Amino acid sequence: MKKIIYLDNAATTKVSDEVLKEMLPYFTDVYSNPSAVYSFASEGKKAVMEARNRAAALIGAKPEEIYFTGGGSESDNWALKATAEAYASKGKHIITTKIEHHAILHTCEYLEKQGYEITYLDVDSDGKISLEELEKAIRPDTILVSVMTANNEIGTIEPVAEIGRIAHEKGTLFHTDAVQAFGHIPINVDEMNIDMLSASGHKFNGPKGIGLMYIRKGIKIRSFIHGGSQERGRRAGTSNTPGIVGTGKAAELAGLTMQERVKKETELRDYLISRIEAEIPYAKLNGHRTDRLPNNVNFCFRFIEGESLLILLDQQGICASSGSACTSGSLDPSHVLLAIGLPHEIAHGSLRITISEETTKEEADFVVDELKKIVERLRSMSPLYEDFIKKNEK
């Protein structure tokens, strides 16, 4: 078997050894329900609280403002649906963007069917919203602005603090889907004017099936899952103690290593970008060149299909993506790439590489070397490329 070079960390990350080690006792030794009243449950209850403290510390929140969920999609659903219900008497208008994750977009589609009005903001060619357009879009009946911290496909980081400031000046709540950003770039909920925030453990070396919601104290949104009184009565269901413990540990480690990790990943990211731009013709970088996640590289290669590119990379042991993992089975081009103005035929040739702190320069060089060969091979079979070359030779 070939050595695997895993470059799809935006889809999911490896659970770190330290995280796994901390989780294991809560499967077999400390397996009690932390909501129980007997003393055997106290250690699990204490571990859940410690995880809450660790997650809160990473974003400058209070522990009681952190609620554990089943993942980022649940957190996004909760933020939008519960806010819509709680503030319906004020209005039924919500603002989001055209490049959000489908957990937001599909929830907005659902709310539209319930009589809510959604404004989908455009983005520029780098994937950034216009603050002026946002300000114009907010109305007296606007109850929520939801804009992602950083895009999961092209890596562009939005001006979150300014978005939150504008929302608050207009008397509107602000939610951000920070699933890709949490643990990867600095976030402070007070400094960035965030009322609600979604995150997911498996995006920052924690376990799958566990996420969190930050809800600022005083925000009156109701339960999303009804049943027991877990999570202070706001999210029913027996606590996933091992997952919560793992997420808390992953958050702690992310905070401790962030400065060094961001520096390393940014340098390797820019090295990959520079080599691809210098050595592969008709390749377009997608997303903002500098205001982007430190681990994200996204290109479109003209005259080829992204699906074919992924298959041939896989044959060389390279794991990458053509966009969001949640839509990898779709034949339609990425809604994000279309929103930044790319035509269908170019958007179809996209490649997303997302590195980790474990990715080496040697692996990056191998990937670019193989990518050059694969792109050349695929273009040699493309009549469109052949016609393009003939026209440009005249």
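Anyway, here's the lowdown on the structure attached to this text. Think of each chain on its own: its residues are numbered from 1, step by step along the sequence as written. With pLDDT at 70 or above as the cut-off, local features in this predicted model cover only qualifying residues; side-chain atom pairs require 80 or more to be listed or tallied, and sums for whole chains, interfaces and linings still use all residues. Side-chain numbers come from the whole structure's heavy atoms, not from hydrogens or water.

**With respect to the environment of L285**
Mapping L285 onto the fold places it in strand β9 (residues 283-285). For every residue, the accessible area (1.4 Å probe, protein chains only) is compared with the maximum for its type, and the residue is labelled buried under 20%, exposed over 50%, or partly exposed between those bounds. In this structure L285 comes out as buried when scored by relative accessible area, which is 9%. For the pair L285 and Y110, spaced 175 residues apart in sequence, the C-alpha separation works out to 33 Å. Strands here are runs of E lasting at least two residues and helices are runs of H or I lasting at least four, both read from the DSSP assignment and numbered beginning at the N terminus.

**Thoughts on the packing of helix α3 (residues 42-59) against helix α9 (residues 241-279)**
Axis angles are defined between N-to-C directions and span 0 to 180 degrees, where every axis is a line fitted to C-alpha atoms and, for a helix, only to the segment in contact. Where α3 meets α9, the axes come as close as 8 Å, and the angle between the chain directions of the two elements is 35°. The two elements α3 and α9 cross, and the hand of that crossing is left-handed. Residue-level contacts link G44, A47, V48, A51, R54, A55 and L58 of α3 to T241, I244, V245, G248, K249, A251, E252, A254, G255 and M258 of α9. Here a crossing is called left-handed whenever its near helix is offset anticlockwise from the far helix by less than a right angle, and right-handed whenever the offset is clockwise. The contact definition used throughout considers only heavy atoms, calling two residues in contact when any of these lie within 4.5 Å.

**Points about the environment of I59**
Inspection of the secondary structure puts I59 in helix α3. With 196 residues separating them along the chain, I59 and G255 place their C-alpha atoms 9.2 Å apart. Those residues in contact with I59, other than ones at most four positions away along the chain, are I66, F182, I187, N188, V189, L197 and Y214.

**So, a nonpolar patch on the surface**
On the surface, a cluster of nonpolar side chains totalling about 510 Å² of accessible area is made up of Y31, V37, Y38 and F40. With respect to the element layout, Y38 can be found in the loop between α2 (25-28) and α3. Here, patches come from residues exposed beyond 30% relative accessible area and free of salt bridges, joined within 9 Å for like charges and within 5 Å for nonpolar side chains (Val, Leu, Ile, Met, Phe, Trp, Tyr). With residues, only the protein chains shown are counted as cover, and all accessible areas are computed by Shrake-Rupley using a 1.4 Å probe. What counts as a salt bridge is simple: a side-chain nitrogen of Lys or Arg found within 4 Å of a carboxyl oxygen of Asp or Glu.

**Here's the deal with the pattern of salt bridges**
Under the defined criterion, the tally for this structure stands at 29 salt bridges. Between R54 and E50 there is a salt bridge; the shortest N-O distance is 3.3 Å. Here R54 and its partner E50 are both found in helix α3, 4 residues apart, which amounts to about one turn of the helix. You can call R54 buried: its relative accessible area is 15%. Between E252 and K249 there is a salt bridge whose closest N-O contact spans 3.0 Å. Pair noted here: E252 and K249 are both in helix α9, with a separation of 3 residues, about one helical turn.

**Concerning the pairing of strand β3 (residues 93-97)**
It is a general feature of regular strands that their side chains alternate between the two faces of the sheet. Counting buried positions along β3 gives 5 out of 5 residues, so the element sits mostly inside the fold. Of the two faces of β3, the one holding H93, I95 and T97 and the one holding I94 and T96 are both buried throughout. Across 5 bridges, β3 lies against strand β4 (residues 117-121) in parallel orientation. Bridging from a neighbouring strand, T96 pairs with Y120 of β4. Handedness of a crossover is defined as follows: orient the strands so they point away from the viewer, and if the path from the first strand over the helix to the second runs clockwise, the crossover is right-handed. Of the crossover connections in this fold, the one passing from β3 over helix α5 (residues 102-113) to the parallel β4 is right-handed. In the sheet, β3 pairs with strand β5 (residues 142-146) via 3 bridges, with the strands oriented parallel. Pairing of I95 across the sheet is with V145, part of β5. Should DSSP find at least two bridges between two strands, the strands are taken to pair.

**Digging into unusual backbone geometry**
Despite not being glycine, N205 has its phi angle at roughly 70°, a positive value. With respect to the element layout, N205 can be found in the loop between β7 (196-200) and β8 (211-215). A positive phi angle is found at E231, which is not glycine, with a value near 50°. On the secondary structure map, E231 appears in helix α8 (residues 230-233). Residue E231 is classed as buried on the basis of its relative accessible area of 8%.

**Section: the nonpolar core**
Note on soluble globular proteins: their nonpolar side chains tend to be buried together. Formed by 57 residues in total, the largest nonpolar core has its most connected members in I59, I66, L134, V145, F182, I194 and L197. Only buried Ala, Val, Leu, Ile, Met, Phe, Trp, Tyr and Cys residues count toward a nonpolar core, and they belong to the same one when joined by side-chain atoms within 4.5 Å. Core analysis: the next-biggest nonpolar cluster, separate from the first, contains 28 residues, L309, L313, L371 and V375 among them.

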